[in-house]
Amino acid sequence: MRLILLGPPGSGKGTQANLLQEKFEIPKISTGDILRAAVKDNTELGKQAKNSMDKGELVPDDIVIGLIKERIVEPDCSVGFILDGFPRTIVQAEKLEETLAAMEQDIDLVADLVVDRDELLIRLAGRSTCKNCGAMFHQTSHPPKVEGVCDECGGELYQRPDDNEETIVKRQDIYNRETAPLKDFYRKRGKLKSIQGRGGMDEIFSNLCKMVT
Ligand code: AMP
């Protein structure tokens, strides 16, 4: 199964990708996670990406396309993959299509998580992520049992630096301008399915599982 999770920042792509990865034993590829790790390790890639990420802007296409091209040829991707946060522009989608075609592969499904803008702002402002395992929590809808500590692995929770109000609004605007056109791109190819992203994460996950199986 080769799946793309589409949806604005805060729509729950990361959470759902983690759950899908566990259930179907298919790797999740999150360009955001790869870039954040590079920034943390202060690698050349991290240095190139940090400025755009801090401002809530997109990292240049050629950088993320290069990352994905390297990642999807790794052996664990032979069973498929779940893309979270990629593609985010039409150019990225076209390059992905080209790369997969050269490998005689294709995307099976693009699941578009639909959530209202107001709800997105509430979700992003209250979310925290585990530094160690990437599990996600929310101060009202999914609080950790102990504040600041991950339920899954005991790791430390942190708030992403780009989850502040000003950057959140900018990320939503960029999503609407650069990424939302991908819906038409994949609709034309008969791959797009929309899924209601409101409600609890278990309910959304169960709907998503029905869609992919
Ligand atoms: P995310 O965790 O998916 O919200 O990504 C966090 C940040 O990483 C984004 O705001 C962008 O700055 C950068 N980023 C992640 N994926 C991409 C992508 N496919 N294209 C460009 N920038 C990206």
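Residues numbered from 1 in each chain as written. Predicted model: local features only at pLDDT ≥ 70, side-chain atom pairs only at ≥ 80, totals over all residues. Heavy atoms only, no water.

*Asks:* If you had to explain the pairing of strand β5 (residues 127-130) to someone new, which residues and values would you point to?
*Replies:* Residues Arg127 and Thr129 line one face of β5 and the alternating positions Ser128 and Cys130 line the opposite face, and both faces are buried. One ladder, built from 2 bridges, connects β5 with strand β7 (residues 157-158); its direction is antiparallel. Opposite Thr129, over in β7, you have Tyr158 as the bridge partner. (Buried < 20%, exposed > 50% of the residue type's maximum accessible area, 1.4 Å probe, protein only. Helix = DSSP H or I, 4+ residues; strand = E, 2+ residues; numbered from the N terminus. Pairing = 2+ DSSP bridges.)

*Asks:* I'd like a description of empty space enclosed by the protein, backed by residues and values.
*Replies:* Enumeration according to the criterion identifies 2 cavities of 30 Å³ or more in this entry. The computed volume of the largest cavity comes to approximately 60 Å³. Among the secondary structure elements, those contributing two or more residues to the lining of the largest cavity are β1 (2-6) and α7 (165-179). Here the second largest cavity is characterised by a volume of approximately 50 Å³. Per element, the largest residue contribution to the lining of the second largest cavity is 4 residues, and it comes from helix α5 (residues 90-102). Residues belonging to the lining of the second largest cavity are distributed by class as follows: 5 nonpolar, no polar and 4 charged. (1 Å grid on protein atoms, 1.4 Å probe; cavity = no way out; pocket = protein on both sides within 12 Å on 5 of 7 lines; lining within 4 Å. Points joined across faces, edges and corners; volume = space filled by probe spheres on them. Nonpolar A, V, L, I, M, F, W, Y, C, P; charged D, E, K, R; others polar.)

*Asks:* Pulling in residues and values, what's your account of helix α1 (residues 13-24)?
*Replies:* Spanning 12 residues, α1 covers 16 Å between terminal C-alpha atoms, matching the ideal 16 Å at 1.5 Å per step. Looking only at α1, the buried set comprises Lys13, Gly14, Thr15, Gln16, Ala17, Asn18 and Leu20. Residues of α1 that are buried in the fold lie against β1, β2 (28-30), β3 (81-84), β4 (109-114), β6 (136-138) and α9 (201-212). (Expected span 1.5 Å × (residues − 1). Contact = heavy atoms within 4.5 Å.)

*Asks:* Mind laying out the confidence of the model for the protein, listing which residues take part and the relevant values?
*Replies:* Confidence in the prediction of the protein, expressed as mean pLDDT, is 92, and 100% of residues score 70 or more. Here helix α6 (residues 117-125) is the element of the protein with the lowest mean pLDDT, 82, and helix α8 (residues 182-188) is the one with the highest, 98. (pLDDT = per-residue confidence, 0-100.)

*Asks:* Tell me about the pattern of salt bridges, and please be specific about residues and values.
*Replies:* If you walk through the whole model with that rule in mind, you get 20 salt bridges. Among the ionic pairs, Lys191 bridges to Asp106, the shortest N-O distance being 3.3 Å. With Lys191 in the loop between α8 and β8 (192-196) and Asp106 in the loop between α5 and β4, this residue pair connects regions lying 85 residues apart in the sequence. Note on Lys191: relative accessible area 16%, which makes it buried. (Salt bridge = Lys/Arg side-chain N within 4 Å of Asp/Glu carboxyl O.)

*Asks:* Please set out the sheet that holds β6 residue by residue, giving values where relevant.
*Replies:* With antiparallel pairing, 3 strands are arranged side by side in an open sheet as β6-β5-β7. Lying at the two open borders of the sheet, with one neighbouring strand each, are β6 and β7. Bridge count between β5 and β6: 3 bridges; the pairing is antiparallel. Residue pairing in the sheet places Thr129 in a bridge with Met136 of β6.

*Asks:* Account for the packing of aromatic side chains, with residues named and values stated.
*Replies:* Centre distance and the angle of the planes are the two values used to describe a pair of aromatic rings. Inspection of the entire model under this criterion finds 1 aromatic pair. A centroid spacing of 4.9 Å and a plane angle of 80° characterise the contact between Phe185 and Tyr186, whose relative ring orientation is edge-to-face. The side chain of Lys23 reaches across the aromatic face of Phe24, ending 5.8 Å from its centre. We note Arg189 situated over the ring of Phe185; from NZ or CZ to the ring centre the distance is 3.7 Å. (Phe/Tyr/Trp six-rings, centres within 6.5 Å; stacked < 30°, edge-to-face > 60°. Lys NZ or Arg CZ within 6 Å of the ring centre and 35° of its normal.)

*Asks:* How would you summarise the state of the cysteines if you had to cite specific residues and measurements?
*Replies:* In protein structure, a disulfide is the covalent linkage between the sulfur atoms of two cysteines. Following the criterion strictly, the structure yields 0 disulfides and no others. Summary of cysteine pairing: Cys77 is not part of a disulfide, and the nearest cysteine sulfur, belonging to Cys209, is at 19 Å. Residue Cys77 is classed as buried on the basis of its relative accessible area, which comes to 2%. (Disulfide = S-S within 2.5 Å.)

*Asks:* Let's hear about the packing of helix α2 (residues 31-40) against helix α3 (residues 44-55): which residues, and what values?
*Replies:* How two helices sit against one another is set out by the angle between their axes and by the gap between those axes. At a minimum axis separation of 8 Å, α2 and α3 run at an interaxial angle of 110°. Overall, the two elements α2 and α3 adopt an arrangement that is roughly perpendicular. Between α2 and α3 lies a crossing of left-handed hand. Seen from α2, the contacting residues are Gly32, Leu35, Arg36, Ala38 and Val39; seen from α3, they are Leu45, Gly46, Ala49, Lys50 and Met53. (Axes fitted to C-alpha atoms, helices over the stretch in contact; angles between N-to-C directions. Parallel < 35°, antiparallel > 145°, perpendicular 65-115°, else oblique. Left-handed = near helix turned anticlockwise from the far one by under 90°.)

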